[in-house]
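# Remarks on the overall topology
Spelled out from the first residue to the last, the chains are:
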Amino acid sequence: MKIMYNAATCNHYGACIEEAPEVFSFAEDGSLRIQTYDISRSLEDKVRDACMMCPTQSVQIEDE
Ligand code: SF4
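Residues numbered from 1 in each chain as written. Predicted model: local features only at pLDDT ≥ 70, side-chain atom pairs only at ≥ 80, totals over all residues. Heavy atoms only, no water.

## What about helix H2 (residues 44-53)?
Convention followed: Each residue gets one of three labels from its accessible area relative to the maximum for its type: buried under 20%, exposed over 50%, partly exposed in between, using a 1.4 Å probe on protein chains only. Runs of E in the DSSP output that reach at least two residues are strands. Runs of H or I that reach at least four are helices, and both are numbered from the N terminus. Throughout, the arc means that of the directions going from the helix axis to the C-beta atoms.
Looking only at H2, the buried set comprises Glu 44, Val 47, Ala 50 and Cys 51. The buried residues of H2 all sit within an arc of 120° when viewed along its axis, so they share a single face. Turned more than 90 degrees off the buried face of H2, the exposed positions are Asp 45 and Met 52.

## Quick notes on the environment of Cys 51
We apply this condition: Any two residues having at least one pair of non-hydrogen atoms within 4.5 Å are treated as being in contact.
Position of Cys 51 relative to the elements: it lies in helix H2. Its relative accessible area of 10% is what places Cys 51 among the buried residues. C-alpha separation for the pair Cys 51 and Tyr 5, spaced 46 residues apart in sequence, amounts to 9.8 Å. In contact with Cys 51, other than residues within four places in its own chain, are Val 59, Gln 60 and Ile 61.

## Describing the site of the ligand
What counts here: Throughout this document, a residue counts as near a molecule or strand when at least one of its heavy atoms sits within 4 Å of that molecule or strand. Of the two site types, the cavity is a set of points on a 1 Å grid over the protein atoms alone where a 1.4 Å probe fits but cannot get out, and the pocket is an open set with protein on both sides within 12 Å along at least five of seven lines, each lined by residues with an atom within 4 Å of a point. In this scheme, a molecule is assigned to a cavity or pocket if more than half of its atoms are within 2 Å of the grid points. The classification used treats Ala, Val, Leu, Ile, Met, Phe, Trp, Tyr, Cys and Pro as nonpolar, Asp, Glu, Lys and Arg as charged, and all other residues, Gly among them, as polar.
Taken together, 13 residues lie near the ligand, and Cys 10, Asn 11, Cys 16, Cys 54 and Thr 56 sit nearest. Given that more than half its atoms are within 2 Å of the pocket grid, the ligand belongs to the largest cavity. Its residues assigned to classes, the shell around the ligand shows 8 nonpolar, 5 polar and no charged.

## A few points about the pattern of salt bridges
Applied cut-off: One side-chain nitrogen of Lys or Arg within 4 Å of one carboxyl oxygen of Asp or Glu is enough to make a salt bridge.
Counting across every chain of the model gives 4 salt bridges. Glu 44 is the partner of Arg 41 in a salt bridge, and the nearest nitrogen-oxygen pair spans 3.6 Å. Close ionic contact of Arg 48 with Asp 63 constitutes a salt bridge, the shortest N to O distance being 3.0 Å. One end of the pair, Arg 48, is in helix H2; the other, Asp 63, is in the segment after strand S4 (59-62), with 15 residues separating them in the sequence. Classification of Arg 48 by relative accessible area gives partly exposed; the value is 31%.

Here's what the structure looks like:
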């Protein structure tokens, strides 16, 4: 499972960080940092929730 991220539409609200802090965080400049785009099975559910919670659909799942 992979993450696709669109920085142009991200409003930096941080919903994804609340759902999956292992993967999403804010960098010092306020941009969204994504730890890895290849998601391990143990984090799949959390990352799916994070993508569903994103108000702008800026993070989406690509199933392999
Ligand atoms: S939830 Fe969506 S809009 Fe908010 S910081 Fe994460 S990717 Fe950006």
